[in-house]
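Geometric and topological summary
This is what each chain is made of:
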Amino acid sequence: MAVLYVDQLSKSISSNTLKLLSNVTTSIEKPAIIFILGASGQGKSTLLRILGRLESPDSGHIYLHGKMEKDWSPSEWRMKVGYVGQQPVMLPGTVEDNLRIVSRLHRSTFNSMYVKQLLSDVGLSYLDWNKQASLLSGGEKQRLALIRTILLNPDILLLDEVTSSLDIHSTQLVEEFIKSCHYEKEMTIISVTHNVKQAQNIGQRIWLLSEGRLIEDTDPQSLFKSPETDLSKSLMQQSFSKSSNQIEVFV
Ligand SMILES: Nc1ncnc2c1ncn2[C@@H]1O[C@H](COP(=O)(O)OP(=O)(O)OP(=O)(O)O)[C@@H](O)[C@H]1O
């Protein structure tokens, strides 16, 4: 049974405009690392929010482990599908309050050694747990929100440009972390990025969105070796025209 089956999702911003998403259909048969690429304003974040059930489509359905979205309660869905937004929301209180919230909600034991290890994995071992979370930098908030969501142990992790505020070293740590979540916990990662090199290096599959449609749904090797559309050709050219240690932005 598919981890996730996306069946003809459509979404318009208003009834008079073109569709932001048009019959987006895809299936994730087994846990995978997927990157959503596309120019700005093509609906990548909207698609991610719909998958997280933070927004509703106009039509279409999402099947999680074979069960249609409406047959899951929103809270059950959020346990299985974690979401980390572009500008993560910090809960009121300290770093520790933000970390403990998941075990409080689920009445589970808070394993501080495990949490310390996770923080260290993403380069946040120096963080003062008593600091007000609202005072953290953008990159610290992104990584704290990532760890807070990982503590839910979701089957699917939705990430919206979570390395956008990070330097190269922290980005590499988060990339390694994402990979370990996938390989060690069999987690499916669906990540929006403008960093083409990141998608190429650690992605197992690319969804390329353009004008509301999924114009490529393939593995990075195929996409970069034999792109099928003009857009994917230009994406590939950008990727190879820059040196490998540069952050690459696909506009
Ligand atoms: N609720 C909304 N009301 C009005 N416009 C919206 C709404 N949600 C999204 N949009 C518009 O839809 C378009 C797509 O937004 P979205 O954030 O999904 O794009 P994106 O591909 O993630 O862009 P970026 O790469 O710049 O983050 C944008 O023009 C955005 O302003």
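To start, this report covers the structure provided alongside it. (Residues numbered from 1 in each chain as written. Predicted model: local features only at pLDDT ≥ 70, side-chain atom pairs only at ≥ 80, totals over all residues. Heavy atoms only, no water.)

Moving on: the site of the ligand. Around the ligand lies a shell of 14 residues, among which Gly 41, Lys 44, Ser 45, Thr 46 and His 194 are the nearest. A distance of 3.1 Å separates an oxygen atom of the ligand from a polar atom in the side chain of Ser 40. Interatomic distance of 3.1 Å between a backbone N/O atom of Gly 43 and an oxygen atom of the ligand. At 4 residues, the largest contribution of residues to the shell around the ligand is made by helix α1 (residues 44–51). (Near = heavy atom within 4 Å. Polar contact = N/O pair within 3.5 Å; in protein donor to acceptor, adjacent residues only side chain to side chain. Helix = DSSP H or I, 4+ residues; strand = E, 2+ residues; numbered from the N terminus.)

Attention now goes to the sheet that holds strand β5 (residues 67–68). Through backbone hydrogen bonds, the strands of a sheet pair up, either in parallel or in antiparallel fashion. In spatial order, the strands read β2-β1-β4-β5; together these 4 strands make up an open sheet with antiparallel pairing. Each edge of the open sheet is held by one strand with a lone partner, namely β2 (19–28) and β5. Bridging between strand β1 (residues 4–12) and strand β4 (residues 59–64) involves 5 bridges; their strand directions are antiparallel. Within β4, the position partnered with Tyr 5 by the bridge is Tyr 63. The strands touched by α1 are β1, β2 and β4; relative to β1, the strand with the most contacts, the crossing angle is about 125 degrees. (Pairing = 2+ DSSP bridges. Contact = heavy atoms within 4.5 Å. Axes fitted to C-alpha atoms, helices over the stretch in contact; angles between N-to-C directions.)

Time to look at the nonpolar core. Core analysis: the biggest nonpolar cluster contains 39 residues, and Leu 99 and Leu 146 have the highest contact counts within it. Take this core: its biggest share by element is 5 residues, from helix α5 (residues 138–150). For Leu 146, the contacting residues outside a window of four places in its chain are Val 84, Val 122, Leu 157, Leu 159, Val 174 and Phe 177. Val 24, Leu 47, Leu 64 and Trp 207 belong to the second largest nonpolar core, which has 26 residues in total. (Core = buried A, V, L, I, M, F, W, Y, C linked by side-chain atoms within 4.5 Å. Buried < 20%, exposed > 50% of the residue type's maximum accessible area, 1.4 Å probe, protein only.)

For the rest of this paragraph, the subject is the pattern of salt bridges. What the rule picks out here adds up to 6 salt bridges. A salt bridge links Arg 49 to Glu 55; the nearest nitrogen and oxygen atoms lie 2.6 Å apart. Accessibility expressed as a relative area gives 27% for Arg 49, which makes it partly exposed. A salt bridge links Glu 176 to Lys 179; the nearest nitrogen and oxygen atoms lie 3.3 Å apart. Taken together, the residues Glu 176 and Lys 179, both in helix α6 (residues 168–185) and 3 residues apart, mark about one turn of the helix. For Lys 179, a relative accessible area of 26% puts it in the partly exposed group. One connected set of salt bridges, linked through shared partners, spans Lys 11, Arg 49 and Glu 55. (Salt bridge = Lys/Arg side-chain N within 4 Å of Asp/Glu carboxyl O.)

Mapped onto the elements, Asp 217 comes out in strand β10 (residues 213–218). You can call Asp 217 partly exposed: its relative accessible area is 33%. Spatially, the C-alpha atom of Asp 217 lies 9.4 Å from that of Ile 36, the residues being 181 residues apart in sequence. Setting aside residues up to four positions removed in sequence, Asp 217 forms contacts with Thr 26, Arg 205, Ile 206 and Trp 207. A distance of 2.6 Å separates polar atoms of two side chains, one belonging to Asp 217 and the other to Thr 26. Of the polar contacts made by the side chain of Asp 217, one reaches the side chain of Trp 207; its length is 3.3 Å.

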